[in-house]
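Residue-level structure breakdown
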Amino acid sequence: MTPDAYGYGMSQLKILTYPNKFLLEPTTPLDNIDSQVQQMIAAMAETMYAAPGIGLAAIQVGWDRSVLVYDLSARDERGGLQVLINPRIISSEGEIVSDNEGCLSVPDFRADVKRAERILVEGYDREGNPLRVEAEGVQAIVLQHEIDHLNGRLFIDRISPLKRELYKRRARKAMRENETAV
C-alpha cells in the first residue's frame, strides 16, 4: 500500500514535552488495529516528518498505546516509514554511544547516550502481522529510544545525574519565564 492510502496529509498532533508527567507513564498494548488506529499512525507520521524527527512514540502525542513510527531515509524522501506495534526488545548485545542524541519531547538538549549496539525486536506491523527486526547502528539506537518512550522513560534518564539535573533546572526556568510572560 502507498503511504497516501493511510491518510497522509492529515492534521499534525501536538508533541508533549518534558516535564509533562504523561511522558513518564508506560503505554498499554494495542489490541485492535482498526481504521482509527491507522489514522492515528498516519497523523503520528505526519507529525514526525513536520517536526522534523526520525522517530516518534505514541505517548509523545498523548496516546497511551504501544505504537511507534520511524523513518531513517533522507529527510526529503519520506519513503521508509516503519511502524511497530507492541514492540519488545528480545535481546541486545554490544555497546555503542549515541553521539548527540536528541528528542522531540526534550527540546533544545542533546547528549551522548550509551545504547546496545545490536538488538532484536519483536512486535507487529500496522496490519497486525508479526514482525522481527534485527537492528544495529542508527536503527538500533532509534528503536531503543522510542521503545524507552513506550516504557515511560526519556533519554535524559540514561545520562549522568549531573547533566540530567542541569537540563531539568533549565527546563523549569524556561517554564517560569514563559508563565510570567503570559
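Structure: above.
Described in the following lines is the structure provided in the data block. Since this is a predicted model, take the numbers as computed values, not measurements. One numbering rule holds for all chains: residues counted from 1, following each sequence as written. Given that this is a predicted model, residues contribute local features only at a pLDDT of at least 70 and side-chain atom pairs are listed and counted only at 80 or more, while totals for whole chains, interfaces and linings are drawn from all residues. As a rule here, side-chain values come from all non-hydrogen atoms in the structure, and water together with hydrogens is ignored.

Quick notes on the sheet that holds strand β6 (residues 118–124)
When DSSP finds two or more bridges between a pair of strands, those strands are recorded as paired. Per the convention used, a helix needs a DSSP run of H or I reaching at least four residues, while a strand needs a run of E reaching at least two, with both numbered from the N terminus. With respect to topology, 5 strands assemble into an open sheet ordered β1-β2-β3-β6-β7, the strand pairing being antiparallel. The sheet is open, and its two borders are formed by β1 (55–57) and β7 (130–136), each paired with just one other strand. In this sheet, neighbouring strand axes are inclined to one another by 40° on average, regardless of whether the strands run parallel or antiparallel. Strand direction decides the pairing type here: β1 and strand β2 (residues 67–70), joined by 3 bridges, are antiparallel. Note on method: axes are straight lines fitted to C-alpha atoms, helices fitted across the in-contact stretch only, with angles between N-to-C directions ranging 0 to 180 degrees.

Brief notes about the side chain of S66
In this structure, S66 sits in the loop between β1 and β2. Setting aside chain neighbours within four positions, we find S66 in contact with T27, T28, P29, L84, I85, N86, P87 and L150. Any pair of residues with heavy atoms lying within 4.5 Å of one another is described as a contacting pair.

Observations regarding helix α1 (residues 35–50)
Between the first and last residue of a helix there are one fewer steps than residues, each counted as 1.5 Å, and that sum is the expected span. End to end, α1 covers 22 Å across 16 residues, agreeing with the expected 22 Å (1.5 Å per residue, within 8%). Note on exposure labels: buried denotes an accessible area under 20% of the residue type's maximum, exposed denotes more than 50%, and partly exposed covers the range between, all computed with a 1.4 Å probe on protein chains only. Burial in α1 covers these residues: V37, Q38, M40, I41, A42, A43, M44, A45, E46, T47, M48 and Y49. For α1, the secondary structure elements touched by its buried residues are β1, β2 and β3 (82–93).

Focus on helix α3 (residues 161–181)
Taking 1.5 Å as the rise per residue, α3 with 21 residues should run 30 Å; its terminal C-alpha atoms sit 30 Å apart, in good agreement. Within α3, the full set of buried residues consists of R164, Y167 and A171. Looking down the long axis of α3, one finds its buried residues gathered within 65° of arc, a one-sided arrangement. Along α3, exposed side chains directed more than 90 degrees from the buried face belong to P161, L162, R169 and T180. Looking at the buried side of α3, the elements it contacts are β5 (106–115). Here the arc refers to the directions that run from the helix axis out to each C-beta atom.

Description of the side chain of Q144
Summarising the element assignment, Q144 is placed in helix α2 (residues 137–150). Accessibility expressed as a relative area gives 8% for Q144, which makes it buried. In protein, a polar contact means a hydrogen-donor-capable atom and an acceptor-capable atom, both N or O and within 3.5 Å, with residues adjacent in sequence counting only if both atoms are side-chain atoms; elsewhere, any N or O pair within 3.5 Å suffices. Only 2.9 Å separates the side chain of Q144 from the backbone oxygen of A116, close enough to count as a polar contact. Filtering out sequence-adjacent residues up to four positions away, Q144 remains in contact with I89, R115, A116 and I119.

Focus: a nonpolar patch on the surface
Taken together, the side chains of I54, L72 and V138 make up a nonpolar region of the molecular surface, amounting to roughly 240 Å² of accessible area. Tracing the backbone through its elements, the reader meets L72 in the loop between β2 and β3. Patch criteria: residues need more than 30% relative accessible area and no salt bridge. Like-charged residues are merged within 9 Å; nonpolar side chains of Val, Leu, Ile, Met, Phe, Trp and Tyr are merged within 5 Å. Computed by Shrake-Rupley with a 1.4 Å probe, the accessible areas treat only the displayed protein chains as cover when residues are assessed. Take a side-chain nitrogen of Lys or Arg and a carboxyl oxygen of Asp or Glu: if they are within 4 Å of each other, that pair is a salt bridge.

What to know about the pattern of salt bridges
Scanning the model with the defined rule gives 10 salt bridges in all. For R118, the salt bridge is made with E93, and the minimal N-O distance between the two is 2.8 Å. Placement of R118 in strand β6 and of E93 in strand β3 is noted, with a sequence separation of 25 residues between them. One salt bridge in this structure joins E165 and R169, with 3.7 Å as the shortest N-O distance. Placement of the pair is E165 and R169 together in helix α3, with a separation of 4 residues, close to one helical turn. Overall, the relative accessible area of 30% leaves E165 in the partly exposed class. Counted as one network, the salt bridges with shared partners bring together E101, R115, D148 and R158.

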